[in-house]
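An overview of the molecular structure
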Amino acid sequence: MIPHLLKTLVSAVVVAATVSVLVFLLLRAVPGDPIVTFFGEETGDPETVEALRRQYGLDDPLVTQYGRYLTGALTGDFGTSLQTGRPIGPDLVERAGATARLAFTAVGFALAIGIPLGLFAGVKRYSWWDNLTMTVSLVGISVPVYWLGLLAIVVFSINFGWFPTMGDATPRHLVLPALTLAAPSVAIISRVTRASTLDVIEEEYIRTARAKGASGRRVIARHLLRNAMMPVVTVAGIQFGYMLAGTVFTESIFSWPGLGRYIVNAVQARDYPVVQAGLLFIAVGFVVLNSCVDLLYTALNPRLRARVAR
């Protein structure tokens, strides 16, 4: 198990380093000088532009810039925002906390809704419930998140007045954006749960448990559910990573003060250091989550755990 852990950690470090290089190079491949782009005509004469470029270290060679960027990122220093003049690190952590809160709530909704839907669809396969669940999941995958968010605001905020339309002042502010963000994951998790249930329900130990007189609930709880959840764990971890990276539309629609909205505002303001730091933060978070899911899957799967231990 220890060698597998080390292998996973090394792989995560390599991927994170590669991502940092790609983020750094792709942003510098965007046409135009970031100083001129951000400050516009207010920069005045070329001497002022050059002074600003020196101030932000943009006149150094790319290798020097990347070294400074990587060293700062490893120590939590992501530079200074061009827009606000404040250090990016504290704002990034605060916004990332808001996004994590939204994503954790959304993945909780996705699991609480998607697993029962898929489980009962698999147990009652080819029934009207199975057909209804698969139809609803298909709609959930197909409907754009931004459209679903606007629809939720119109129906549940404006028409019924059940939930606030924007902000994060109370737990009620969290419900609509979390459900909106969870909708595609509910559809995916329910379909994966159904497929896994159909695979497990035909296994010999399920038939043996039924032959011994175990009740349907006992068979589902003690035998079917435990073994059918292996693929769901992997999918749930991946969906959580997608939620962290895909909160841009949801946070913009509901004015949620998270990382996605922070990056969108930085893109609109041409705040180059903030965009760079935000993208790196999300990418590294996604890599860490995938590594954790890999380790969790290995720990939960006895056969894979035995293979790794050899």
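I will try to describe carefully the structure that is included in this document.

What counts and how
Residues numbered from 1 in each chain as written. Predicted model: local features only at pLDDT ≥ 70, side-chain atom pairs only at ≥ 80, totals over all residues. Heavy atoms only, no water. Helix = DSSP H or I, 4+ residues; strand = E, 2+ residues; numbered from the N terminus. Buried < 20%, exposed > 50% of the residue type's maximum accessible area, 1.4 Å probe, protein only. Contact = heavy atoms within 4.5 Å. Areas by Shrake-Rupley, 256 points an atom, 1.4 Å probe, with all protein chains shown as cover. Phe/Tyr/Trp six-rings, centres within 6.5 Å; stacked < 30°, edge-to-face > 60°. Salt bridge = Lys/Arg side-chain N within 4 Å of Asp/Glu carboxyl O. Core = buried A, V, L, I, M, F, W, Y, C linked by side-chain atoms within 4.5 Å. Axes fitted to C-alpha atoms, helices over the stretch in contact; angles between N-to-C directions. Parallel < 35°, antiparallel > 145°, perpendicular 65-115°, else oblique. Nonpolar A, V, L, I, M, F, W, Y, C, P; charged D, E, K, R; others polar. Lys, Arg positive; Asp, Glu negative; His and termini not counted. Polar contact = N/O pair within 3.5 Å; in protein donor to acceptor, adjacent residues only side chain to side chain. Patch = residues over 30% accessible without salt bridge, like charges linked within 9 Å, V, L, I, M, F, W, Y side chains within 5 Å.

1. A word on the overall build of the protein
Secondary structure summary: the protein contains 14 helices and zero strands in total. Walking the protein from its N terminus toward its C terminus, one meets helices and strands in the order α-α-α-α-α-α-α-α-α-α-α-α-α-α. Burial status across the protein gives 39% buried among its 310 residues. Long-range contacts, defined as pairs at least 24 residues apart, comprise 73% of the intrachain contacts of the protein with a sequence gap of at least 6. When the accessible surface of the protein is split by element, carbon and sulfur atoms take 66% of a total near 16,900 Å².

2. Considerations on the environment of T250
On the secondary structure map, T250 appears in helix α11 (residues 248-253). For the pair T250 and L150, spaced 100 residues apart in the sequence, the C-alpha separation amounts to 9.5 Å. Setting aside its immediate chain neighbours within four residues, T250 contacts L102, V145, P177, T180 and L181.

3. Quick word on the packing of aromatic side chains
Throughout the structure, instances matching the rule amount to three aromatic pairs. Considering the side-chain rings of W128 and W129, the 5.9 Å spacing of their centres and the 90 degrees angle between planes classify their relative orientation as edge-to-face. Judged by relative accessible area, which is 26%, W129 ranks as partly exposed. Put simply, the rings of F156, F160 and W162 touch in pairs and so form one group of aromatic residues.

4. A few points about the pattern of salt bridges
Scanning the model with the defined rule gives two salt bridges in all. Note that R86 and D91 form a salt bridge whose closest N and O atoms lie 2.6 Å from each other. Under the relative-accessibility criterion, R86 is labelled partly exposed at 45%. Take D91: its relative accessible area is 9%, and that puts it in the buried class.

5. Points about the nonpolar core
Across soluble globular proteins, nonpolar side chains have a tendency to be buried as a group. Counting 24 residues, the largest nonpolar core has Y69, F78, I88, L92, L259 and Y262 as its most contacted members. For this core, the elements supplying multiple residues, two or more each, are α1 (2-28), α4 (62-74), α5 (88-123), α12 (259-268) and α13 (272-300). A total of seven residues in this core trace back to one element, the largest contributor, which is α13. Excluding residues within four positions of it along the chain, L259 makes contact with L92, R95, A96, T99, E251, G278, F281 and I282. Judged by nonpolar contacts, the second largest core, of 23 residues, contains V107, L174, F240 and L289.

6. Some details on the packing of α5 against α12
In helix packing, the relevant descriptors are the interaxial angle and the interaxial distance, both defined with respect to the helix axes. Contact pair α5 / α12: the axes reach a minimum separation of 7 Å and the direction vectors enclose 135 degrees. As the angle between them shows, α5 and α12 are arranged oblique. The segment α5 lies against α12, with I88, D91, L92, R95, A96 and T99 engaging L259, G260 and Y262. Residue composition of the contact of α5 with α12, by class: five nonpolar, two polar and two charged.

7. Notes on the side chain of E251
If you trace the backbone, E251 turns up in helix α11. As a buried residue without a salt bridge, E251 has its nearest oppositely charged side chain in R95, at a separation of 6.6 Å. Within the local environment of E251, its side chain forms a polar contact with the backbone nitrogen of L259, the two atoms lying 3.4 Å apart.

8. As for a nonpolar patch on the surface
Where nonpolar side chains cluster on the molecular surface, the patch consists of Y146, W147, L151 and F249 and spans about 440 Å² of accessible area. Broken down by element, the residue count for the nonpolar patch peaks at three residues, all from helix α7 (residues 145-159). Its location among the elements puts W147 in helix α7.

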